[in-house]
Amino acid sequence: LFLTILLLLLLFGGWAAYYAQDKGFSRHWRNFVHSEFRKRGVHAKIRRLNLDPIRGLLAKDVLVYEDQTHDVLLMEIDKIAIDVDFSELLSRQVSIRSVEVREARVTIPLDPRDKGGDRLQIDRLSGRILTPPETLRIVRTDAMINGIQLSINGLLSRAPELPQPGPQSPDDASPATSAGAIPLE
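Here goes a summary of the coordinates provided. (Residues numbered from 1 in each chain as written. Predicted model: local features only at pLDDT ≥ 70, side-chain atom pairs only at ≥ 80, totals over all residues. Heavy atoms only, no water.)

## Focus on the overall build of the protein
Secondary structure summary: the protein contains three helices and seven strands in total. Ordered by position from N to C terminus, the α and β elements of the protein give α-α-β-β-β-β-β-β-β-α. Going through the 185 residues of the protein one by one, you find that 29% of them count as buried. When contacts within the protein are restricted to residue pairs at least 6 apart in sequence, long-range pairs at least 24 apart make up 36% of them. Looking at the protein as shown, the accessible area adds up to about 13,300 Å², and 58% of this sits on carbon and sulfur atoms. (Helix = DSSP H or I, 4+ residues; strand = E, 2+ residues; numbered from the N terminus. Buried < 20%, exposed > 50% of the residue type's maximum accessible area, 1.4 Å probe, protein only. Contact = heavy atoms within 4.5 Å. Areas by Shrake-Rupley, 256 points an atom, 1.4 Å probe, with all protein chains shown as cover.)

Rendered as structure tokens:
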């Protein structure tokens, strides 16, 4: 009886792993990854999310946009491995620890507003980005751009949200504006 139950569990686990790798994860998991990226100021769209037996969660055909409207495409990445921290799974506090690319191809439009314009092609991009709150830490990242080998390490901090300009009342006018200076916008 024990061996039968063990065999059934192994078969079910094998089928579930195959299904997750072949068909991809549900919309729920893609939405989770999107929300985790948004928390760090990254607006991305993932076309496919799979479970790779070696690399874990694997996002394929990732599109990174300028903002939440998804009007201006900043870059396309063919695949990203996502390291998820499941230690707080019971309290529903799952988070992304890092993302990793290996030998990825990235294209970046030189003018993001020109959809048919020239693009910068980055080949053999390999590296890891740690994702603590409000920052992105780039660790041991290498890439090839037009035959030039680059190595990058660094820290990107999220810029604070700026207040949206709105109509001002005459009482709120700055001294320069009330003195007849032309405001720069």
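## Section: the nonpolar core
Core analysis: the biggest nonpolar cluster contains 24 residues, and Val-33, Val-62, Ile-77, Ile-80 and Ile-82 have the highest contact counts within it. Where this core is concerned, the elements lending two or more residues are helix 2 (27-39), strand 1 (43-52), strand 2 (56-65), strand 3 (73-85), strand 4 (95-109), strand 5 (119-130) and strand 6 (135-145). Here the element with the most residues in this core is strand 4; it accounts for five residues. Residues in contact with Val-33, not counting those within four places in the same chain, are Ile-46, Leu-49, Ile-82 and Ile-96. (Core = buried A, V, L, I, M, F, W, Y, C linked by side-chain atoms within 4.5 Å.)

## Describing the pattern of salt bridges
By the definition in use, this model includes six salt bridges. Notably, a salt bridge pairs Asp-83 with Arg-97, separated by 3.2 Å at the nearest N-O pair. One end of the pair, Asp-83, is in strand 3; the other, Arg-97, is in strand 4, with 14 residues separating them in the sequence. Given a relative accessible area of 43%, Arg-97 falls into the partly exposed group. Between Arg-102 and Glu-100 there is a salt bridge, with the nearest N and O atoms lying 3.1 Å from each other. For Arg-102, a relative accessible area of 42% translates into the label partly exposed. Through salt bridges with shared partners, one network takes in Asp-83, Arg-97, Glu-100, Arg-102 and Arg-128. (Salt bridge = Lys/Arg side-chain N within 4 Å of Asp/Glu carboxyl O.)

## Here we look at the sheet that holds strand 7 (residues 148-157)
Taken in spatial order, the seven strands line up as 1-2-3-4-5-6-7 in an open sheet, and their pairing is antiparallel. Either end of the sheet is taken by a strand with one partner, and the two such strands are strand 1 and strand 7. Neighbour-to-neighbour, the strand axes of the sheet open up by a mean angle of 25°, direction not taken into account. Both strand 1 and strand 2 contribute to a ladder of nine bridges, which runs antiparallel. By the bridge assignment for strand 2, Ala-44 is matched with Val-64. In this fold helix 2 packs onto strand 1, strand 3 and strand 4, with an angle of close to 130° to the strand it touches most, strand 1. (Pairing = 2+ DSSP bridges. Axes fitted to C-alpha atoms, helices over the stretch in contact; angles between N-to-C directions.)

## Re unusual backbone geometry
Phi is positive for Asp-61, close to 55°, though the residue is something other than glycine. Mapped onto the elements, Asp-61 comes out in strand 2. We classify Asp-61 as partly exposed; its relative accessible area is 38%. Here the phi dihedral of Asn-146 falls at roughly 50°; this positive angle occurs in a residue that is not glycine. Mapped onto the fold, Asn-146 is located in the loop between strand 6 and strand 7. The class for Asn-146 is exposed, based on a relative accessible area of 71%.

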